[in-house]
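Structural description and commentary
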Amino acid sequence: MCQNLRAIKPLIADRYAGCCHLPAESRTACLQTINTDIGDAFNLILAAKIACDEGNNDLMREHLRRLRDILLPKIVSGANGQIYNTMVAMGRNDWITLDTTLTLAPQDPCKNVTMTIVPQGIVNAEAAGKAVEDQGGETGVTVVVPAASTQAFTTCTYNVPSGTTFDMRFGEEFRGVMLGGSFDLARTNTPIPENGLVVAAIPTDLQFTASKYGHKLRLSLDKTNPYNALRLDAQGKGVLGVALTLESDSSALVGLVYVGSTIYFEFPVEVNASWTSVRLMVPRTRPGNDFTPVNDLALIAADGPRTSPPPIANDPCSDLDGNGIRDGADERIYALMYSLECDSH
């Protein structure tokens, strides 16, 4: 329940910021709408908690689905080209430790795949519509390259080694989590310059399973997202960016609003010169928000720091303590967490 409250705090901060930029005559109605949505989200979390306590997982999932409809978690591109989530997943106090090398599947690892060339570059065929939408509906030159064509792209499967484990902190610490599965990469054959990163391959599929104490979390590639890309430098080092949908049937996990959501991840990688292996290297020393990027305001709203009540302000759009969050949002966030005794960290 507290993790789900954490997920709606950035929504409150963002919605208040949006209202406060409006002219005064529109602001009051906007703030009233926010308060209604906040109340609805809070009630859905409480209803989900009650359904969970009563063992009614189907009803709990329905409440959380409706909560996601209010949150509208998205993956967006910032002005600087950085891809980020609108919903906070891993925060500054979270981390992952993983170092494993995936190798080509032993038999027939590669096959032709249909891809689409859009103004932004090469994307999965399923992502062409979203890519056009992100350009404001301007299609530009869009070319479908069928798998049966002589110019077809080739995608290859890389398997996670048997017995791979990782450690992580997400709210609490988990040691020795089992990781299995594979991902597929289609090389773009783009020349790599001496300096900087280029999109060297497009992930065309990913199916991971993380399991601990019999509880399993499935992570699968959202092929409709145009931001899936493997970016490398001339030394074969870079970042694997993937939009992953999280699913689980475990009673210990289905109560999280994150399960059923799609979250953008960035994993540090290293590809060997022959493209026969891909190493995932996630160091303990880097904060979790590096791997599930989100803007700074959302991080502040989700994880603080705040150890005392916010200042009481007459204007909900002011920011008396200068933390970047409007005072009205600060008050609502603090009241929600305090009322349910949820630690802000």
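Presented here is an overview of the structure given in this document. (Residues numbered from 1 in each chain as written. Predicted model: local features only at pLDDT ≥ 70, side-chain atom pairs only at ≥ 80, totals over all residues. Heavy atoms only, no water.)

1. Overview of the overall build of the protein
- Of the regular secondary structure elements, the protein holds six helices and 16 strands.
- What you see for the protein is a C-alpha radius of gyration of 22 Å, in line with the 20 Å of a compact globule of 345 residues.
- Across the 345 residues that make up the protein, the buried fraction comes to 45%.
- Across the protein, the fraction of contacts at a sequence separation of at least 24, relative to all contacts at a separation of at least 6, is 65%.
- For the protein, the accessible area works out to roughly 16700 Å², and carbon and sulfur atoms hold 52% of it.
- Here the protein carries 28 positive and 39 negative side-chain charges, and the mean point of each set is 3 Å from the other. (Helix = DSSP H or I, 4+ residues; strand = E, 2+ residues; numbered from the N terminus. Rg over C-alpha atoms; globule rule 2.2 N^0.38 Å. Buried < 20%, exposed > 50% of the residue type's maximum accessible area, 1.4 Å probe, protein only. Contact = heavy atoms within 4.5 Å. Areas by Shrake-Rupley, 256 points an atom, 1.4 Å probe, with all protein chains shown as cover. Lys, Arg positive; Asp, Glu negative; His and termini not counted. Charge placed at Lys NZ, Arg CZ, Asp CG, Glu CD.)

2. Let's talk about the state of the cysteines
- Within this structure, the stated rule accounts for three disulfides.
- Paired through a disulfide, Cys19 and Cys30 show a sulfur-sulfur distance of 1.8 Å. Around the S-S axis, the bridge from Cys19 to Cys30 shows a dihedral of about -75° and counts as left-handed. Taken together, the positions of Cys19 in helix H1 (residues 2-20) and Cys30 in helix H2 (residues 24-53) put the pair eleven residues apart, joining distant regions of the chain.
- Sulfur-sulfur distance for the disulfide between Cys110 and Cys156 comes to 2.0 Å. Note on the Cys110 and Cys156 pair: the S-S dihedral is about 110°, so by sign convention the disulfide is right-handed. Here Cys110, found in strand E4 (residues 110-113), pairs with Cys156, found in strand E8 (residues 153-159); they are 46 residues apart in sequence, far enough to count as distant.
- Of all cysteine sulfurs in the structure, the one in Cys2 sits closest to Cys52, which takes part in no disulfide; the separation is 13 Å. (Disulfide = S-S within 2.5 Å.)

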